[in-house]
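# Inside the fold
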Amino acid sequence: MEKLPIKKPNFIVLTLTPLLAVIFVPWYGLTVGFDAFEWGVFAFFMVATGLAITAGYHRLWSHRAYEAHWSLRLWHAVWGACAMQNSILHWCADHRQHHRFVDDNDRDPYSAPKGFFHSHMGWIIRKQNIYTDDFANVKDLQRDPVVLWQNKYYLALTVGTNVAVPLAIGWWHGAMWGTFLLAGLLRLVLNHHFTFFINSLAHMWGRQTYTDANTARDNGLIALLTYGEGYHNYHHLFQWDYRNGVRWWQFDPTKWVIRLCAWVGLATQLRQPPVVQIEKARLSMQLKLALQQLEHAPEPDAWRTRLEEAHRQFLAAIEEFNRFRQELRLAKEQFQEQFSRDRQEMKRRYAELKAELRHQRHAWRLLLAELSGTELTRA
Ligand SMILES: [Zn+2]
Ligand SMILES: [Zn+2]
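Every value quoted in this text rests on a predicted model; they were computed, and no experiment measured them. (Residues numbered from 1 in each chain as written. Chains lettered and ligands numbered in written order. Predicted model: local features only at pLDDT ≥ 70, side-chain atom pairs only at ≥ 80, totals over all residues. Heavy atoms only, no water.)

### Digging into the overall build of the chain
Along its length, the chain carries 13 helices and 2 strands. In summary, the chain has a C-alpha radius of gyration of 31 Å against a globular reference of 21 Å for 379 residues, an excess of more than 25%. Once the C-alpha set of the chain is aligned to its principal axes, its extents read approximately 125 × 75 × 45 Å. Counting all 379 residues of the chain, 41% fall into the buried class. Long-range contacts, defined here as pairs at least 24 residues apart, represent 67% of the contacts in the chain between residues at least 6 apart. (Helix = DSSP H or I, 4+ residues; strand = E, 2+ residues; numbered from the N terminus. Rg over C-alpha atoms; globule rule 2.2 N^0.38 Å. Buried < 20%, exposed > 50% of the residue type's maximum accessible area, 1.4 Å probe, protein only. Contact = heavy atoms within 4.5 Å.)

### A closer look at the coordination of the zinc ion (ligand 1)
Surrounding the zinc ion (ligand 1) are the protein donor atoms His98 (NE2), His203 (NE2), His232 (NE2) and His236 (NE2), at 2.1 to 2.2 Å. One way to put it: the 4 donor atoms around the zinc ion (ligand 1) meet at angles of 95 to 159°, and that makes the site irregular. Taken in sequence order, the residues that donate to the zinc ion (ligand 1) follow the motif H-x104-H-x28-H-x3-H. Between the zinc ion (ligand 1) and the zinc ion (ligand 2) the interatomic distance comes to 6.0 Å. You can see His98 sitting in helix H4 (residues 88-100) and its partner His232 sitting in helix H10 (residues 232-237), a full 134 residues away along the chain. According to the relative accessible area criterion, His98 is buried, its value standing at 0%. (Donors = N, O, S within 2.8 Å, 3.2 Å for Na, K, Ca; no water. Tetrahedral: all angles 85-135°; square planar, octahedral: opposite > 155°, others 65-115°.)

### Concerning the coordination of the zinc ion (ligand 2)
Any two of four tetrahedral donors ideally make an angle of 109.5 degrees at the metal, while pairs among six octahedral donors ideally make 90 or 180 degrees. Protein-derived coordination of the zinc ion (ligand 2) comes from His58 (NE2), His63 (NE2), His95 (NE2), His99 (NE2) and His235 (NE2), at a distance range of 2.0 to 2.2 Å. Each donor residue of the zinc ion (ligand 2) lies on the same chain, and together they follow the pattern H-x4-H-x31-H-x3-H-x135-H.

### Considerations on the packing of aromatic side chains
One pass over the structure, following the stated rule, counts 20 aromatic pairs. With 5.4 Å between their ring centres and 90° between their planes, Trp39 and Phe42 make a pair best called edge-to-face. On the criterion of helical spacing, the pair formed by Trp39 and Phe42 is a turn pair, its members being 3 residues apart in helix H2 (residues 36-62). When the ring of Phe194 is compared with that of Phe197, the centres are 6.5 Å apart and the planes differ by 25°; the resulting orientation is stacked. (Phe/Tyr/Trp six-rings, centres within 6.5 Å; stacked < 30°, edge-to-face > 60°.)

### Thoughts on the packing of H4 against helix H6 (residues 145-152)
Two elements in contact, H4 and H6, have axes separated by 8 Å at closest approach and are oriented at 110°. With respect to H6, the axis of H4 lies roughly perpendicular. On H6, the residues that touch Ile88, Leu89 and His90 of H4 are Val147, Gln150 and Asn151. Here the contact of H4 with H6 is composed, by residue class, of 3 nonpolar, 3 polar and no charged. (Axes fitted to C-alpha atoms, helices over the stretch in contact; angles between N-to-C directions. Parallel < 35°, antiparallel > 145°, perpendicular 65-115°, else oblique. Nonpolar A, V, L, I, M, F, W, Y, C, P; charged D, E, K, R; others polar.)

Now the structure itself:
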């Protein structure tokens with residue numbers, strides 16, 4: 001197959017930055033040293049850029065898994081530029097194409113079957129003729145002024161946040177180069193490769209918990225490095241869920257941050273599929289794997305019947321349980337609504353009766369006063 005031409009700026013950034021980091025970070029660390037403040041700035045930059053990609057670029061803009069206030073969008077747009085992974089518009093166009101044509105070597109921009117290097121970073125270095133950059137699949141994002149603004153000033157934003165901001169903070173702190181090396185350079189390289197792992201490793205290494213229709217895998221270890229995006233098998237089946245680690249104990253800081261944003265009012269309309277759908281997918285994968293094991297079992301037909309029957313009953317129990325839970329929730333809502341309506345009515349009646357009481361008391365006193373007046377006159 002004929003190789004496509006190399007994209008020089010991307011090639012230079014992706015080869016030069018790791019090289020410089022590998023040389024200068026240890027050298028500076030050994031000769032001058034980094035202090036706690038510099039590591040603190042590094043940690044802040046790490047988390048801010050990481051979450052801008054996962055909570056912003058990925059779950060908010062690519063998948064519309066929730067709605068965000070403009071201030072939160074602006075925050076993710078600025079730190080997303082700092083992650084140097086292209087503008088929101090480009091990133092989301094690629095990503096939506098990836099989901100739509102996953103594993104299709106001719107149409108998935110980072111198709112995993114093409115190998116680790118290609119899906120990790122090769123696809124960024126070489127030009128691709130997969131589609132033209134007409135942004136046809138991100139028309140909705142072109143209505144977001146924050147997205148358009150970031151696209152327009154992307155270069156200035158990315159250079160400013162990667163070079164000027166760390167240098168300025170470092171200058172103020174009195175260690176300009178140390179701060180730049182950690183928060184600018186090392187952070188950039190780590191953030192790049194942690195993100196790239198989602199396209200490479202998370203399509204090769206881990207469990208196919210929910211579907212085997214594509215190469216995506218669930219991997220808790222990758223989730224540790226990627227703010228929760230390691231649960232990639234689930235994500236490929238329920239891509240618009242604001243969670244990737246769907247079970248409460250799965251390490252998915254991005255989902256916790258989105259929930260926190262919702263709690264303070266910055267995020268709304270968090271989307272998630274019904275529990276039954278998720279459980280159904282998980283169970284049918286388990287049944288499939290169990291049936292595959294039957295080849296080596298002593299009585300495969302008897303086993304098959306038992307497995308299928310147990311699966312059917314389990315599924316029915318899940319459905320029944322969830323139906324009842326839904327009913328319960330509805331009843332509770334209705335009860336609360338009715339209760340609050342009744343309470344309003346009772347409050348109104350109470351006020352009415354109280355006013356009537358006051359009125360009658362007044363009338364009674366007037367009458368008594370009138371009577372005593374009459375008696376006085378008579379006397
Ligand atoms: Zn993927
Ligand atoms: Zn995705």
